[in-house]
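So you can see what is in the structure, the chains are spelled out below.
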Amino acid sequence: MNLFKNLFEVFLRSRHTARHFGRRPLLDLSSGPSVSRTVPDHLAHELLRASSEDPAAVLVRLKAHEDGLSSAEAATIRARVGPNEVEHEKPLPWWLHFWYCYKNPFNLLLTVLAAVSYLTEDFKATIVIGTMVVLSTLIRFVQEGRSNRAAERLKDMVSNTATVIRRDLSSEVAQDAERYFNVHLHTRPPQKLEVPIKELVPGELIVLSAGDMIPADCRVLVAKDLFISQAAMTGESLPVEKFVDRHHSVGENPLERDNLLFMGTNVVSGAATAVVLTTGNRTYFGTIATRVTATNRAPTAFQVGVNSVSWLLIRFALVMAPLVLLVNGFTKGDWTEAFLFALAVAVGLTPEMLPMIVTSTLAKGAVLLSRKKVVVKRLDAIQNFGAMDVLCTDKTGTLTQDKIFLERHTDVFGAESDDVLKFAFLNSHYQTGLKNLLDRAVLDHVELQTELKLAQDYVKIDEIPFDFQRRRMSVIVSERNDHHELICKGAVEEILSVCTRVQQGDQTVALDEAMLKRVLCITHDLNEEGLRVVAVAVKEVPPSKLVYALADEAELTLIGYVAFLDPPKESTAPALKALAMHGVTVKVLTGDNELVTAKICREVGLTVAGVVLGSQIDRMKDDQLAKAVECNTVFAKLTPLHKERLVRALRGNGHIVGFMGDGINDAPALRAADIGISVDSAVDIAKEAADIILLEKSLMVLEEGVIEGRRTFSNMLKYIRMTASSNFGNVFSVLVASAFLPFLPMLPLQLLVQNLLYDISQIAIPFDNVDDELVKKPLQWNPADIGRFMVFFGPISSVFDIATYCLMWFVFSANTVAEQTLFQSGWFVVGLLTQTLIVHMIRTPKLPFIESIASWPLLGMTAVVMAVGIYLPMGPLAEYFKLESLPLSYFPWLVGILLCYVALTTAMKRFYLRKFGWQ
C-alpha cells in the first residue's frame, strides 16, 4: 500500500535518501520496554483508553455517529488533522534533493581535487573540474526530478481505497426539519463509499473484510471471526483474533489489546466494522516511522555490483594517482606539474556520471514500462525483472479469462438441480467477506426476480467466514422465521470432511465409503472437463440459536455442486511461447484442483512436466522440494505457506524468481520472491507486497515488461563495461608515457577537458537501442564478467595510445620539450576519439555501424563530441587549452589508427564472444 511503503522513492531519490520499511517486523513484542520508549506515552494512553471504553463511549468521545460521518464533517476534521499519510513519504524539498544528488563519492572526490587545484592556483583546472561536478549534479537533479514526478503520476494509477460508512447530508437536513417543523421526512440510510485512504479521518466508520489493509489505528465495533495478521508490527507470523470487547487483553502494551487494529496490519479472514482513532503520523505505525530508523531492504545483486565497481575505480584512482605522481616527479623533476597531472589522472579515473546514468536508465525504463501498463513501485526491481528466469503464476485470471461462468448446478449424482443453485446463491449473497469470482458468477447467474424473492424469503442470522485452512464458508439464514438453515460452500474435499449424509431425491442417505467413492468419481469427471467444482452442503438448525462458530460446521448433508468454467485467454498461448523464447520458465502455483489446472495448461500450450499437490509438499523435506520444483510444472491445492515455500526453494536453487498474484493467499509468496508482481485490481495486501503492479492482468503485458527490463539493464551494463575498460586502459597509457617521455603526455587541463567531453558523450546511453539477441535470455549481474571484460578490452586502447606516441615521436618529430604541444595535441585527439568510439564497439556483440546501429541520440552525441575534439586544437581556442593545430598529414594517420582500433576491437570481441559469451 502506498500509504505505508513509498517504494517508488527508493532509487528515485538515490540510495542515500531512500528510507523505507523492509520486510522485517518494525517492532518485536519481545522487546518489552522498547515499546514504551518508541511510542509516546500520550498515544499509548489514548489507545488503551479506547480499548477499555465501551464502543458507545468511544463514539461519543470522537464526536462520531453510529451511522458514520457526513462528507462535510469528514472534510472539516481533515482540514484540522491533515491527510492520513506518514511523514517520511513526503517529497524532499528541492534544496535537500539537490544536496543528495551532489553528495556521492565521485563528486566529493572531484570537489577535493578542484579545491586542491584552486589552492595551487590552477584556475583553469578548477573551472573544468567544477564544471564536471555541476554538470553531473544538475543532470542527475533534473533527471531524478522528472522521475519523481513520473512516479507520482504512476502511483495515481494504482488505486488504494477504504470502505467507509457515510451519512448523507440530506439526513442532517431532514433531522433539522423534523425538530423545527414537527414533520417526518424520508431520508436515505447510511451509504458505503470507497474513499482514498489518505482521506480517512478520526471518527470515520470503516468496513473491513478479508484482504483489506488496516488503513489507520482503529477500535473494533462489530466483528465476526476477525483474524488479523500483525506480522508487520510484531513479527508474529500467526494471525490474532480480534473482538468487540476485550477477551484476553493483558498488560499495558496496546499491541496486546484484542479490540484494537493498527495501521499496516491486514485482515486474514472475517469481517468487521471499526471506528478510526488516529491517522497518519499519530498512528502507532506513524510514530514508529518517525522515531525508529527503518531497516533498508537488502541490496540487490546489481546494487552490490555497481557499488563494487564504483569503489574499485575509486580505489584504483587513489592508488594510481600517487604512482603517476612519483613516476613523473622523479623522471621530470617538476613536482608541481607532476602533482597537477596526477590530479587530472585521478579525475579521469573517477566515473562521476555513473549515478546519473544508472538513475536515468532506470527512470526511463520505468516510464517506458508505464506505457506498457506496467507500474514500477521500486526502480531497482527493473533489474530483477530483466534477470527473472522463473515466473510463478496463478491460473485464474492469468492463464484464463478471469471471467468465470457458472456452467452447471447439479445434485450429488450430476443431474441439474435448482435447489443447489438456490442455496449457493444464498451463501454468496449473504456473505460479508471478500466476494471472489465464484461468488460473482453465482450471483450473476440468478435472475433478478428470483434474487428478490429469495432475499424476501430468507433473512441472514450469522455467518462463519472463509479462511484458507478450511477452504469453505457458511452462512446461516432463517426461512420465514421458521427454522435456521446452515449453508456451507467450498472445496469438495473440505466439504466432504464435514458431511455425514448425502441428499438423494427427497431423502438423505449415509455418506459411506461406497457413496464417497461415487461422489469423488462424479466430481473427477467434472474436473476432467475443465470445470472447477464447488460443493454445497446444508444443515437444519433450531431457530433458538443466534451465534454460530466453526464447531457448527459438522454433520452436514451434501446436496450437490456448482461447476464453473474459466476459459483460457486467447493471448495466453502466444504469451507463454514468447516467455519461453526469452528464457523464462513458467510454473503454475494454484489452490485449485490439479485436473482443472492441468487441462487449462494443455489448452494454452504449457507442457505439464509433472503435478505436485500441497499435501505432498507437506511431506517433503527441503532437499526433496528443491528437486521437485525443478522437474514439475503444476503445483495445485496449495495454501499460502506452500506457495511461499516453493518460491524460496526456487530461489535457493539459484533462480531469479518472479511471482504473480492478486489474492490474500499470494502475499507471503509475493514478499518471498525476487520480484513480486500484482495487478491494480488485487487486494490491498497483495499490492502492498508487490514490487511491480500490472494495470492489465495479462502474461503478454508481463512479457513486454520483461523485455523492457532487459533493455534497461543492458544499457546500464554498457556504461559500466565501457567505463571500467576505458579507465583501465588509460592507466597503462599514462604509466608508459610517464616512464619514457621527457615531458607530460598531456597537460592536466587537457586531460580534464578530454574527460569532460567524454562524459558528455555518454549522456545518451540510457536512450540507446538494444539488440534483440541481448534480450532473449535473462540478464544477471556478474561481477566476475565485468572484471574479465575490463582486463580483456582495457589494454586494447593502450596499444593505440602507444602507437600514437610513436607516431608523434618518430613521424612528426614531436620528441622534445619544445615540441610537446604538438605531441599532446595529437594524443588528445586520438585519446578522445577512441574513448568515444569504445561505446559503439562494446554496446553490441555484432559488427558496429553495420549489423547493429546505435540510437540517433547516441550517434549524434558521439559525432558532436568527436567534432569538438578535432576542432579544439584546430580552432581559435587551441592556445587557451595549450594545444596547437595538427598538420594535415596527421589526419590520414588518425583515420588509419581509428580503423585499426575498430578492427582489433572487433576481432578481440569475436574471440571473447566465442570463449566467454556475451550478456
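Note that this is a predicted model, so its numbers are computed, not measured.

A separate point is the overall build of the protein. Looking only at helices and strands, one finds 34 helices and 24 strands in the protein. Entry remark: accessible area of the protein is about 37,600 Å², with carbon and sulfur atoms responsible for 59%.

Judged by nonpolar contacts, the single largest core of 160 residues is most densely connected at Phe385, Leu391, Ile677, Leu694, Leu699, Met808 and Tyr890. With 14 residues, the top contributor of residues to this core is helix α29 (residues 699–740). In this structure Leu699 touches Leu391, Thr398, Leu399, Thr572, Ala575, Leu576, Leu579 and Met660, once residues within four positions along its chain are discounted.

Our next topic: the sheet that holds strand β21 (residues 634–636). With mixed pairing, the eight strands of this open sheet are ordered in space as β9-β24-β23-β22-β10-β19-β21-β20. The open sheet has two edge strands with one neighbour each: β9 (374–376) and β20 (611–613). Ignoring strand direction, the axes of neighbouring strands in this sheet form an average angle of 20 degrees. Alignment of β20 against β21, held across three bridges, turns out to be parallel. Paired with Val612 across the bridge in β21 is Phe635.

Attention shifts here to the pattern of salt bridges. Where charged atoms of side chains with opposite charge meet at close range, the side chains can pair. The tally for this structure, following the rule as stated, stands at 27 salt bridges. Between Arg166 and Glu204 there is a salt bridge, with its nearest N and O atoms 2.7 Å apart. You can see Arg166 sitting in strand β2 (residues 161–167) and its partner Glu204 sitting in the loop between β3 (191–196) and β4 (205–209), a full 38 residues away along the chain. Taking relative accessible area as the criterion, Glu204 reaches 0% and is therefore assigned buried. Glu529 is paired through a salt bridge with Arg408; the nearest N and O atoms lie 2.5 Å apart. Of this pair, Glu529 sits in the loop between α21 (513–528) and β17 (531–541) while Arg408 is found in strand β11 (residues 405–411), placing the two residues 121 residues apart along the sequence.

Along helix α25 (residues 622–631), the positions that sit buried rather than exposed are Leu625, Ala628 and Val629. The arc that holds the buried residues of α25, viewed along the axis, is 100 degrees, so those residues lie on one side. Every exposed residue of α25 that faces more than 90 degrees away from the buried side is listed here: Asp623 and Lys627. Its buried side turned inward, α25 meets β19 (585–589), α24 (614–618), β21 and α26 (640–652).

This brings us to α26. With 13 residues, α26 should cover 18 Å at 1.5 Å per step; its first-to-last C-alpha distance of 19 Å lies within 8% of that length. For α26, the set of buried residues is Pro640, His642, Lys643, Glu644, Leu646, Val647, Ala649 and Leu650. Backbone geometry just after α26 places Gly654 at a positive phi near 95 degrees.

Moving on to the packing of aromatic side chains. Inspection of the entire model under this criterion finds 21 aromatic pairs. Their ring planes at 40 degrees and their centres at 5.7 Å tell us that Trp99 and Tyr102 sit as a pair that is tilted. Remark: Tyr102 and Trp99 occur in helix α7 (residues 94–102); sequence separation between them is three residues, near one turn of the helix. We classify Trp99 as partly exposed; its relative accessible area is 42%.

Below, the discussion takes up the pairing of strand β16 (residues 507–510). Judged from the four bridges that link them, strand β15 (residues 499–504) and β16 form a sheet pairing that is antiparallel. Looking at the pairing, Gln503 lines up with Thr508 of β16. What sits between β15 and β16 in their antiparallel hairpin is a turn of two residues, with Gly505 showing a positive phi close to 70 degrees.

Turning our attention to the packing of α29 against helix α32 (residues 820–842). Interaxial distance between α29 and α32 falls to 9 Å at its minimum, and their mutual angle equals 150 degrees. By the angle class used here, α29 and α32 are roughly antiparallel. Every pair of crossing elements has a handedness; the one defined by α29 and α32 is right-handed. Taken together, the residues of α32 that come into contact with α29 (itself represented by Lys718, Arg721, Met722, Ser726, Asn730, Ser733 and Val734) are Trp827, Gln835, Ile838, Val839 and Ile842. Among the residues forming the contact of α29 with α32, the class breakdown is six nonpolar, four polar and two charged.

Leave glycine aside and you will find that most residues have negative phi; peptide bonds, for their part, are mostly trans. Of note, the phi angle at Glu555 is positive, near 55 degrees, even though the residue is not glycine. Mapped onto the elements, Glu555 comes out in the loop between β17 and β18 (556–565). According to the relative accessible area criterion, Glu555 is exposed, its value standing at 58%. Backbone geometry places Lys637, a non-glycine residue, at a positive phi of 55 degrees. Along the polypeptide, Lys637 turns up in the loop between β21 and α26.

One can describe the packing of helix α15 (residues 354–371) onto α29 by two numbers: an axis separation of 10 Å at closest approach and a directional angle of 165 degrees. By the angle between their axes, α15 is roughly antiparallel relative to α29. Read as a crossing pair, α15 and α29 show a hand that is right-handed. Residues Leu354, Ile357, Val358, Thr361, Leu362, Gly365, Leu368 and Leu369 of α15 touch α29, and the partners they reach there are Gly705, Glu708, Thr712, Asn715, Met716, Tyr719 and Ile720.

Of note, Lys395 is situated in the loop between β10 (390–393) and β11. What makes Lys395 buried here is its relative accessible area of 3%.

On to the environment of Ile656. Checked against the element boundaries, Ile656 lands in the loop between α26 and β22 (657–660). Residue classification places Ile656 among the buried residues on the basis of a relative accessible area of 16%. Placed 267 residues apart in sequence, Ile656 and Asp389 show a C-alpha to C-alpha distance of 5.6 Å. Ignoring anything within four residues of it in the chain, the contact list for Ile656 reads Asn384, Ala387, Met388, Asp389, Val390, Asp674 and Gln780.

Looking at the secondary structure, you find Lys846 in the loop between α32 and α33 (856–874). Along the backbone, Lys846 and Arg910 are 64 residues apart, and their C-alpha atoms lie at a distance of 8.7 Å. Ignoring sequence-local partners within four residues, the contact set of Lys846 consists of Asp771, Glu773, Glu851, Ser852 and Lys909.

We now examine a nonpolar patch on the surface. On the surface, Trp94, Trp95, Phe98, Val134 and Leu138 cluster together to form a nonpolar patch covering roughly 550 Å² of accessible area. Elements supplying a minimum of two residues to the nonpolar patch: α7 and α9 (123–157). Of the residues forming the nonpolar patch, the biggest block, three residues, is contributed by α7.

Turning next to the side chain of Gln824. Note that Gln824 resides in helix α32. Of note is the side chain of Gln824, whose polar atom sits 2.9 Å from the backbone oxygen of Leu744. Among residues more than four places away in sequence, those in contact with Gln824 are Phe743, Leu744, Pro745, Met746, Leu747, Gln750 and Lys882.

Here we come to the pairing of strand β5 (residues 217–229). Pairing between β5 and strand β8 (residues 266–278): 10 bridges, direction antiparallel. By the bridge assignment for β8, Asp217 is matched with Thr278. Here two bridges tie β5 to strand β7 (residues 260–261), and the two strands are oriented antiparallel to one another. When the sheet's bridge partners are listed, Arg219 is paired in β7 with Leu260. As judged from the three bridges shared by β5 and strand β6 (residues 240–242), these two strands associate in the antiparallel manner. Looking at the pairing, Phe227 lines up with Glu241 of β6.

This part is about the confidence of the model for the protein. Across the protein, the average pLDDT comes to 81, with 85% of residues at or above 70. Contacts of residues 169–174 to residues separated by more than four positions or lying in other chains number nine contacts, the stretch itself having pLDDT below 50.

For the rest of this paragraph, the subject is the environment of Gly130. Structurally, Gly130 is set in helix α9. Residues Gly130 and Ala114 lie 16 residues apart in sequence; the distance between their C-alpha atoms is 6.4 Å.

Thresholds, definitions, all that
Residues numbered from 1 in each chain as written. Predicted model: local features only at pLDDT ≥ 70, side-chain atom pairs only at ≥ 80, totals over all residues. Heavy atoms only, no water. Helix = DSSP H or I, 4+ residues; strand = E, 2+ residues; numbered from the N terminus. Areas by Shrake-Rupley, 256 points an atom, 1.4 Å probe, with all protein chains shown as cover. Core = buried A, V, L, I, M, F, W, Y, C linked by side-chain atoms within 4.5 Å. Buried < 20%, exposed > 50% of the residue type's maximum accessible area, 1.4 Å probe, protein only. Contact = heavy atoms within 4.5 Å. Pairing = 2+ DSSP bridges. Axes fitted to C-alpha atoms, helices over the stretch in contact; angles between N-to-C directions. Salt bridge = Lys/Arg side-chain N within 4 Å of Asp/Glu carboxyl O. Arc of directions from axis to C-beta. Expected span 1.5 Å × (residues − 1). Phe/Tyr/Trp six-rings, centres within 6.5 Å; stacked < 30°, edge-to-face > 60°. Parallel < 35°, antiparallel > 145°, perpendicular 65-115°, else oblique. Left-handed = near helix turned anticlockwise from the far one by under 90°. Nonpolar A, V, L, I, M, F, W, Y, C, P; charged D, E, K, R; others polar. Patch = residues over 30% accessible without salt bridge, like charges linked within 9 Å, V, L, I, M, F, W, Y side chains within 5 Å. Polar contact = N/O pair within 3.5 Å; in protein donor to acceptor, adjacent residues only side chain to side chain. pLDDT = per-residue confidence, 0-100.

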